[in-house]
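Single-letter residue listing:
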Amino acid sequence: MLHRLIHSNLILKNKRAVSISGSRYFHRAFLRQSSKQLDINIKFCCPPGLNCGSSSIIAIHGLDGHREASWTALNGKLWLRDFLPKDVPCARILTYGYDAYTQNTATSSTQTLDSHAESFLARLSAFRKRSDTTKWPIIFIAHSVGGIILKHALIQASQAHEGHLVEHKWIAVSTYGILFLSTPHQGTNAITNLANQHLQHGSLSSETNNILLKHLISNSEWLQQESAFYNAISANFRTKLFHETLPTVLPDKSSQMIIPKLSAVIPGAIDMEVVGMSKDHYGMIKFASQSDDDFILILSVIKNMIESASSVVQHQWSKLHIDIIYQAEITSTAVTYMAKLRPSPRFLGQEEHITTLKKFFAPDNSQKWRHFLLYGMAGVGKTQICLKFIEDVLDNKYDYWRIIWIDATNTVTLEDGFTSIADDPQAKAIGVKRSSNAVLTWLAHHRRKWLLVFDNADGMDGEVHNYLKHLRPIHALITSRNCGLSAHVTSYIELLPMDEDKAVSLFHTAALLSNCSDTAVIKLSRHIVRTLGCLPLAVDIAGATI
C-alpha cells in the first residue's frame, strides 16, 4: 500500500539506505520523495519484440507505488521483466503507472478511486486500440489498492454498452483472469494508522489525500458496495486472491498485518480461490530469484490462466451482440437519436416511477418547461426506468418530434452526442454544421415538441444546466448519482434499492427460476440479493450468470 510511508525511515540525508528489521523492501525511485517523477500510462515491461504473443499480462501497483520500482526486489530484479517473459513467451507483459501518491512533501494526489478507475479504462482502451490488440485476452496482476481500482474499473466496464463507452466494455469481455495480491476488499485501518505515524514522526507533510483514504477503512460502505457489484460479474473471470502471512515493520519499530486475510477476501465471489504467501505486504510483489517458492506459485497460476484464456475470451467475444446504433429510426411518433437500447426483458417493479414520468410528460400537461431528474446510487435502475418510459412514449403517441439520448458522462460525450445530430435529414437540408453549437441553435428554434435524455450526468452539474438553459423550453429527463442537479429541474425522484421480495423475483426471473418454490433455494436467493444490496443491476446480472 503506502510504500513511501514504510520506507521513508530508510532514507538518510546522505541518501544512504539502511534497513529496519523485517522491511528490506524499498525502491530507488523513492530516495528523493520530494522530487519524484510521475510515471503514468500503460507501458511495456520489456521490449515488445521479446514477448509479443497473443495475450496481455497487465500489472497494477498500489498507492504510493511505481510501475517498476514496486515490483523490483532489493537485488534489482524486476520479475515481470527478468523472469516472467522466459516462462510465458506467448504473453505481452505490461505495467500501469498512475498518480498514486497520497502524501508528499510537495503535493498529494487529489484523485478519487473512481477517477483512477476511469483514467485506467481510458488509457488501456486507447493503448489496445493503438496497438491493434483489442481482442487479446487479459490477465491482471493487481497489488493492494491497485486491486480496488481494477475491480471498480471492471464494474464500470461491464456496465458499458454500444453508445456508451463500448470500448470499455471490450476490456471486460477480454478479461480472463485476475490475481489480487493483498488487496483490501474489506478495508483496513492500517493505512490510516501508517499515515498518522508518519505525521507524528514529522517525516511527511500534513497534506494527505483524505478523500481517497476514507474509502479504505475497515467495513467501508463504499467497499462493501463495490464487492456486491463485483460478485454480480465475478463469474465472468477467474479470481485468485493472495494474502500476506507475515507482518510488516512500521516506522515506530512495531509490526502489523497491513491487509489480513479477512480483508483480502471477497465474500460471495464466484470461482474465487484464496492463497497465503510467506511474505509481508510489500514483499508479496518482489521476487529476488526464480527459485522463490512464491514466485513459482504465482507463475503456475499465470501459466494455467494463459492456457485457457484464448479460447474462453474468443467465446465471450462471439457472444457479445452489439446492436448497431440506429441514428434515425422513424417511428409512428418520433425520430429517435440514441443507441439501440431497450429495457431489460426482465424489467420488474418501479411501476410507480414510470407512472410519475407519464403524468409529468403527459401531452395534456400545459407546463412547457419540464425537466425531471432521476437520481440514486449506481445500479439502482435509473437508465432502465428511462428506457421503459421511452418505450411507452413510442408506443402511446406522445407526439414528440424527436427523442434524443445523450451520454452525459463527460464533456466529450456531451459534445459528440449533440454533434452527431447534425446528420438529421432536416438539419442537413438547411445546412446545419457538424458542431454542438450549430445543432443546439437549430434545436432551440424548432417549434415542435421534443424530449432530451441526459444519461449518466454524474459530475456534470454546470454543463447540463447550461444546456438546459440554452434549450428551454424543452422536455428533459436526466439520470445521475448526483442529487445536486435537483436544483436545476422542475421535479425529481430519488431511486432506492428494490424491496427484498421484488429483488428475489428479479433474481429468479433472470436465473430462469420464475416458479421456484424450493424453500432452500428461496432462502439462498434472499441471502444473495441482500448481499447485493437489492440493487436491480447487480441482482439481474447475478441471476443471468447462474
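One structure accompanies this document, and this report is about it.

Our focus in this paragraph is the overall build of the protein chain. The helix and strand tally for the protein chain stands at 20 helices and 16 strands. In the protein chain, which comprises 546 residues, the proportion classed as buried is 53%. Of the roughly 22900 Å² of accessible surface on the protein chain, 52% is carried by carbon and sulfur atoms.

Now for the sheet that holds strand β2 (residues 55-60). The strands making up a sheet are joined through hydrogen bonds of the backbone, oriented either antiparallel or parallel. Strand order in the open sheet formed by 7 strands is β1-β3-β2-β4-β5-β6-β9, with mixed pairing between adjacent strands. Of all strands in the sheet, those bounded by a partner on one side alone are β1 (41-44) and β9 (272-277). For this sheet, the mean inter-axis angle between neighbouring strands, taken without regard to orientation, is 20°. Relative to strand β6 (residues 238-244), strand β5 (residues 175-181) is paired through 5 bridges, and the arrangement is parallel. Residue pairing in the sheet places G177 in a bridge with R238 of β6. The strands touched by helix α5 (residues 145-159) are β2, β4 (138-143) and β5; relative to β4, the strand with the most contacts, the crossing angle is about 140°. Taken strand by strand, helix α6 (residues 166-174) contacts β4 and β5, and its axis lies near 75° from that of β5.

Here we take up the packing of helix α18 (residues 500-510) against helix α19 (residues 519-531). Their axes nearest at 9 Å, the elements α18 and α19 cross at an angle of 110°. Relative to α19, the element α18 is oriented roughly perpendicular. Where α18 abuts α19, its residues E500, D501, A503, V504, F507 and H508 lie against V521, I522, S525, R526, I528, V529 and R530.

Across all of its chains, the model carries 17 aromatic pairs by this definition. Ring centres 6.2 Å apart and planes at 20° place the aromatic pair Y230 and F237 in the stacked group. Comparing Y230 with F237 shows no difference in burial state: the two are buried. An aromatic cluster of at least three residues, connected via ring pairs, comprises W71, W79, F83, F287 and F295.

A full pass over the atoms with the stated rule returns 2 cavities of 30 Å³ or more. Volume-wise, the largest cavity comes out at about 50 Å³. Forming the boundary of the largest cavity are I155, S158, Q159, F229, I233, L537 and I541. Of all elements in the fold, only α5, α9 (221-233) and α20 (536-545) reach the threshold of two or more residues within the lining of the largest cavity. The element that contributes the greatest number of residues to the lining of the largest cavity is α5, accounting for 3 residues.

Here the focus is the pairing of β6. For β6, the tally of buried residues reaches 6 of 7 residues, placing the bulk of the element in the interior. Examined bridge by bridge, β6 and β9 share 6 bridges and lie parallel to one another. Bridging from a neighbouring strand, F242 pairs with V275 of β9.

Now for the packing of helix α14 (residues 411-420) against helix α16 (residues 436-444). Their axes nearest at 8 Å, the elements α14 and α16 cross at an angle of 60°. Between α14 and α16, the angle falls in the class oblique. Viewed along their axes, α14 and α16 form a crossing whose handedness is left-handed. Every residue of α16 that contacts α14 at E415, F418 and T419 is listed here: S436, V439, L440 and L443. The residue inventory of the contact of α14 with α16, partitioned by class, reads 4 nonpolar, 2 polar and 1 charged.

Moving on to helix α12 (residues 351-360). All buried positions along α12 are accounted for by H353, I354, L357 and F360. With its buried residues spanning 125° around the axis, α12 presents them on a single face.

Scoring rules and cut-offs
- Residues numbered from 1 in each chain as written.
- Predicted model: local features only at pLDDT ≥ 70, side-chain atom pairs only at ≥ 80, totals over all residues.
- Heavy atoms only, no water.
- Helix = DSSP H or I, 4+ residues; strand = E, 2+ residues; numbered from the N terminus.
- Buried < 20%, exposed > 50% of the residue type's maximum accessible area, 1.4 Å probe, protein only.
- Areas by Shrake-Rupley, 256 points an atom, 1.4 Å probe, with all protein chains shown as cover.
- Pairing = 2+ DSSP bridges.
- Axes fitted to C-alpha atoms, helices over the stretch in contact; angles between N-to-C directions.
- Contact = heavy atoms within 4.5 Å.
- Parallel < 35°, antiparallel > 145°, perpendicular 65-115°, else oblique.
- Phe/Tyr/Trp six-rings, centres within 6.5 Å; stacked < 30°, edge-to-face > 60°.
- 1 Å grid on protein atoms, 1.4 Å probe; cavity = no way out; pocket = protein on both sides within 12 Å on 5 of 7 lines; lining within 4 Å.
- Points joined across faces, edges and corners; volume = space filled by probe spheres on them.
- Left-handed = near helix turned anticlockwise from the far one by under 90°.
- Nonpolar A, V, L, I, M, F, W, Y, C, P; charged D, E, K, R; others polar.
- Arc of directions from axis to C-beta.

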